[in-house]
Amino acid sequence: MKKIAFMILPRQDKFEDTFLQSVRIVCDQLLLHFDGCTYYEVKGRSVTDPRTLSCVKIEVAVAEKDTKKFLSVCEFAQLAIGCKQLMVQLPSGEIQFLEAY
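To start, this report covers the structure provided alongside it.

Cut-off values and rules
- Residues numbered from 1 in each chain as written.
- Predicted model: local features only at pLDDT ≥ 70, side-chain atom pairs only at ≥ 80, totals over all residues.
- Heavy atoms only, no water.
- Pairing = 2+ DSSP bridges.
- Helix = DSSP H or I, 4+ residues; strand = E, 2+ residues; numbered from the N terminus.
- Axes fitted to C-alpha atoms, helices over the stretch in contact; angles between N-to-C directions.
- Contact = heavy atoms within 4.5 Å.

## A look at the sheet that holds strand S3 (residues 53-63)
Right, so step 1: Pairing is antiparallel across the open sheet formed by five strands, whose spatial order is S2-S3-S1-S4-S5. One side of each edge strand has no neighbouring strand; the edge strands of this open sheet are strand S2 (38-44) and strand S5 (95-99). Averaged over all pairs of adjacent strands, the angle between strand axes in this sheet comes to 25°, irrespective of strand direction.
Right, so step 2: Looking at chain direction, strand S1 (residues 2-10) and strand S4 (residues 85-89) are connected through three bridges and run antiparallel. Considered in S4, the bridge of methionine 7 is made with valine 88.
Right, so step 3: Across the sheet, helix H2 (residues 67-81) lies against S1, S3, S4 and S5, angled at about 15° from S1, the strand it touches most.

So this is what it looks like as C-alpha cells:
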C-alpha cells in the first residue's frame, strides 16, 4: 500500500527561475520513479527564526518498500536547491531532517 510522503523545499537566496527549474527537475524525478506528484506553495517558520519562509511542498504516494528511493530523490532535491537542511516525511509518517554535509 502506498502512503503520502513529502518534502518541503525552502526557497534559497537564488533567482526565482533557478529555484523553479530545480523544482521542475525534482518533480520529473518523482514522475519517473513514482508516477507523479503534487506540489504547492507553503509558508514555514521556526522557533529559532521568526521570519516567514516561503517554501514549496512536494507530495508523492510511496510504498514503504520504496523509502530508500524516495530519500534518494530528496537528497537530489536538497543538492539541486542548495539548502543545508531539508524536512521530509517518509511513507511511514516519520519526519526527518536531512542535513547537507
